[in-house]
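# Structural overview for review
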Amino acid sequence: MKTRREFIKISAAGAGVTAIGLSGVNILGLNTAQASNDQTAASDAEMSVYPTYCEVCFWKCAGWTYVDKKGEIRKIIGNKEDPHCNGRLCPRGTGGIGMYYDEDRLKTPLIREYDKDGNAYFRKASWDEALEYSAKKLQKVAEEHGPECVALFNHGSAGSYLGTLLKAFGSPNIAAPSFAQCRGPRETAWIATFGEAVGSPEPTDIRDTDCLVLIGSHLGENMHNGQVQEMADAIDRGTTIITVDPRLSTVASKSKYWLPIKPATDLALLMAWIHVVVYEEIYNKDYVEQYTYGLDLLKEHVKNMTPEWAYGITTIEPEIIRKTAREMANAAPAVIVHPGRHVTWYGDDTQRIRAVAILNALFGSWGNRGGFYMKESVHLPKPKTPPYPKPTKTWRDAYPGQFKLASLALSSGICDATIPTEDRACSFKAWVVAGTNLPLTLPNMSNTVKAMENLDFLLVIDTMPMEITGYADVVLPECTYLERYDLIRDSPHREPYIALRMPAVEPKYDSKPAWWITKQLAEKMGLGDYFPYDDITELLDWQLKKIGSSLEEMKRIGVKKLDREHGGLYFQKGEDIEFNTPTGKIELYSNEIAAEGFDPIPVYTAHPEPDPGFYRLIYGRAPMHTFSRTANNHNLWDLQKENAVWVNPKVAELWDLKKDQLVWLKNQDGVVSSFPIKVRITERIRWDSVYMVHGFGHSDKKLRRAYGNGANDTELITRVMVDPIMGGTGMRGNFVTFLTEQPQKEAKS
Ligand code: SF4
């Protein structure tokens, strides 16, 4: 008998159409078989146009989808009224059509079965059967262990509906990897310092800044559309950019200062900057005096953290440290020390971002033009529903006394607490996973697989057959964002904006929108009252009318700006402000962090170094892909098919590596990449590190374009350094070496 949750390749069982050749696809995302009868380009006037907001990444740029008379999607363009994109989508957003036309999409509900020899396979099911089956399985887990033993992992729009379902069911365990694997430390650090989270999109006033400091933040490669546009404009008007990175990233190449720091030492540089600013008294005195708490304590704390001290740690020369600190101070308050986004690196990440927050406080950039603006969003009314049942336990019970400053659930914490241990009374028994490919998202892939093997039930809702779907008991095919309505986008900005997403085309195959899937599942679980509408358009129209618009209006305009209701974009001079911290001030010395037993002002500690012959593994983003989710999108695959490992020429010479040579990577724990990766020899990376773009090396053959292209960095991240303050998973403490011969190990299939 095979293991309970052996990976299943989603096979022809799910294929409802004849597959087309991969070459038969053009850049617009149209497969040429479909387009062949009409090669005449339709003019815009001949097409139907529908408002949407992009789902290729979380930035949610609003746009217009153009559909020709034959019902084919011809293009997506940005909505000029939308501040997230200003009418310009990024390459990924433009290529979003590829999601709709991807012939490898999930096409029908699937249920895991076993043959007489115990081999697992998927069989096609009707929606009614798959939903009924899922409802019963979730209810069984609730009866035997309590509803709290069901957890939701989500990314994207489906999370809001499924989150309501989980809470109605009685589980508070709703997690997104975007917290513990990405921005969680910065939110905790910002709350401890300013009394509020940074949030998303970040309220960085790059449009008006005079100095932008990026620390391991790859803006431009990390394509956050509106922010990147503002940065490009800032570069054009001569804004000083200071980039701290062991790699000459794209933005580093556009910077006035590139500080090629020794990896894992950023906190020492930050503390030395604070030293210079405090001891040269070049901080924003009025602001610091009026709004902050703890300057004297900070001054004493950084007394010995001089640029000379930091030089020995970071390899950045003292004069450069002083010069860059003065550049920032000269620009203050129009300076942004960017809080970053993916900041889970070394396990002391909350403290590192605390140092970033302290610098911003010293410059007075929080609440000032050219620093950080005070964002605002629309308050959309919620329909009346029954109160949620009160859970009797949460994921926090698995970690008594730990991670109290985590403001959201830890996806990695729930994953770990799914693996039974003797001292834990109850482990998680069922997962609902929507829009996140956990094996390539959480660190330590074998740990994630082990957790999934211990589940009683795994429900996966997705558009594509990602690695996670192979471990599911039930797979439900969600339609793409171009085929569905979703909730009104109400994310914050300088002014409150709303945006509508509506279907441009009917769902392909037997796929359904997540709101429909969740409502049907809720009804089968006896929780239909939490979804008091027959069709989501009723809810949208009701909400829009309450705020002075309507569905009819939004279908015409797509995006609407509303008035600010809560104060100005910036602090007024001398304005009396109470911050949501224990002292009501911006805390340079954090009482909240001190109360939990951690350093109230950051302290630099050294991190492990690679053994001889090993190099620190640094990973990042490509502007044309979103994590591992877009690797099979033919439009984006055309732009980048695989990743490469960046190797310094000195290292390449030592190993006799040649350009484009294929190597396998082996990490400090002996884990070898399943697939080889091409070598890119470049001076743009330090000799002690290697770099690769995250999201490649897919092992599911059903992703016919993406399978086996490049290496999967997640597989090599087996050493995880957990942030004791908020539970984030530090993932940059892994080291790799090169194998130039294929290792004696079967590649995964
Ligand atoms: S940044 Fe690009 S991928 Fe992300 S929402 Fe905007 S257009 Fe889409």
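On a predicted model such as this, the values are computed, not experimentally measured, just so you know.

The description of an aromatic ring pair rests on the distance of the ring centres and on the angle between the ring planes. Under the definition given, this model contains 25 aromatic pairs. Measuring from centroid to centroid gives 6.2 Å for W309 and Y604, while their planes differ by 80 degrees, and the two rings are edge-to-face. You can see W309 sitting in helix α12 (residues 307-314) and its partner Y604 sitting in the loop between α20 (591-595) and β19 (615-620), a full 295 residues away along the chain. Looking at Y604, the relative accessible area reads 17%, which means it is buried. Through pairs of rings, three or more aromatic residues link up here, namely W190, F194, W366 and F372. Just above the ring of Y509 sits the side chain of K107; from NZ or CZ to the centre is 5.1 Å. The ring of Y100 carries the charged tip of K508 above its face, separated from the ring centre by 5.1 Å.

A separate point is the site of the ligand. Around the ligand sit C54, V56, C57, W59, K60, C61, L89, C90, R92, G93, M223 and N225, and that is every residue in its neighbourhood. Considering only residue class, the shell around the ligand consists of 8 nonpolar, 2 polar and 2 charged.

When its domains are assigned, the protein chain resolves into domain 1 (1-41 + 103-168 + 386-397 + 407-478 + 513-532), domain 2 (44-101 + 481-506 + 535-570), domain 3 (202-374 + 581-595) and domain 4 (615-739). Between domain 3 and domain 4, the contact holds 26 residues from the first and 26 residues from the second. Both sides together, the interface formed by domain 3 and domain 4 hides about 2,000 Å², and carbon and sulfur atoms give 56% of it. In this assembly, domain 3 and domain 4 are joined by 0 salt bridges. Summed over the shared surface of domain 3 and domain 4, the number is 10 residue pairs in polar contact (both at pLDDT 80 or more).

Note: α-helices contain 3.6 residues per turn, so residues at a spacing of three or four share the same orientation. End to end, helix α7 (residues 225-236) covers 17 Å across 12 residues, agreeing with the expected 16 Å (1.5 Å per residue, within 8%). When α7 is considered as a whole, its buried residues turn out to be N225, G226, Q227, V228, Q229, E230, M231 and A234. Remark: G238 follows α7 within two positions and exhibits a positive phi of approximately 85 degrees.

This part covers the pairing of strand β5 (residues 120-124). In this structure, strand β4 (residues 110-114) lies alongside β5, joined through 5 bridges in antiparallel fashion. Each residue of the ladder has a partner; that of Y114, found in β5, is A120.

Now for the sheet that holds strand β13 (residues 430-434). Reading across the sheet, the 7 strands line up as β5-β4-β15-β14-β13-β6-β7 and stay open at both edges, with mixed pairing between neighbours. Only two strands of the sheet have a single neighbouring strand rather than two, namely β5 and β7 (174-175). For strand β14 (residues 457-462) and strand β15 (residues 474-477), the ladder comprises 4 bridges, and the chain directions are parallel. Residue pairing for β15: V460 is matched across the bridge by V475. Contacting β6 (150-154), β7, β13 and β14, helix α5 (residues 158-169) crosses the sheet at an angle of about 170 degrees to β6.

Turning to the sheet that holds strand β10 (residues 257-259), a few remarks are in order. The strand order β10-β9-β8-β12 describes an open sheet built from 4 strands, whose pairing is parallel. Each having just a single partner strand, β10 and β12 (335-337) make up the two edges of the open sheet. Averaged over all pairs of adjacent strands, the angle between their axes in this sheet comes to 10 degrees, without regard to strand direction. Both strand β8 (residues 211-215) and strand β9 (residues 240-244) contribute to a ladder of 5 bridges, which runs parallel. The residue bridging C211 from the neighbouring strand is T240, located in β9.

Procedures and definitions
- Along every chain, residues carry numbers that run from 1 in the direction the sequence is written.
- Local features are withheld for residues below a pLDDT of 70 in this predicted model, meaning they are given only at 70 or higher, and side-chain atom pairs are given and counted only at 80 or more; totals for whole chains, interfaces and linings count all residues.
- Only hydrogens and water are set aside when side-chain values are computed; all heavy atoms of the structure are taken into account.
- Ring pairs shown here join Phe, Tyr and Trp side chains whose ring centres sit within 6.5 Å, with only the six-membered ring taken for Trp; geometry is labelled stacked below 30 degrees between planes, edge-to-face above 60, and tilted in between.
- Here a strand is any run of E in DSSP of at least two residues, a helix any run of H or I of at least four, and the numbering for each starts at the N terminus.
- Classification of residues uses two cut-offs on accessible area relative to the type maximum, computed with a 1.4 Å probe and protein chains only: under 20% is buried, over 50% is exposed, and between them is partly exposed.
- Distance and angle both matter: a charge sits over a ring if NZ of Lys or CZ of Arg is within 6 Å of the ring centre and within 35 degrees of the ring normal.
- We call a residue near a molecule or strand when any one of its heavy atoms sits within 4 Å of it.
- Polarity classes work like this: nonpolar for Ala, Val, Leu, Ile, Met, Phe, Trp, Tyr, Cys and Pro, charged for Asp, Glu, Lys and Arg, and polar for all others, with Gly in that last group.
- Reported domain spans reflect what an automatic or database domain assignment gives.
- When checking whether two residues touch, look at their non-hydrogen atoms; a contact exists if any pair is within 4.5 Å.
- The buried area of a pairing is the accessible area, by a 1.4 Å probe, that goes missing from both parts when the two are put together, added over both.
- For this analysis, a salt bridge means a side-chain nitrogen from Lys or Arg found within 4 Å of a carboxyl oxygen belonging to Asp or Glu.
- We call two N or O atoms a polar contact when they sit within 3.5 Å, provided that within protein one can donate a hydrogen and the other can accept it, with sequence-adjacent residues counted only if both atoms are side-chain atoms.
- To estimate the expected span of a helix, count its residues, drop one, and scale the result by 1.5 Å.
- A pair of strands is considered paired only if DSSP assigns at least 2 bridges between the two.
- Axis definition: a line fit to C-alpha positions, over the contact stretch in the case of helices; interaxial angles, taken between N-to-C directions, run 0 to 180 degrees.

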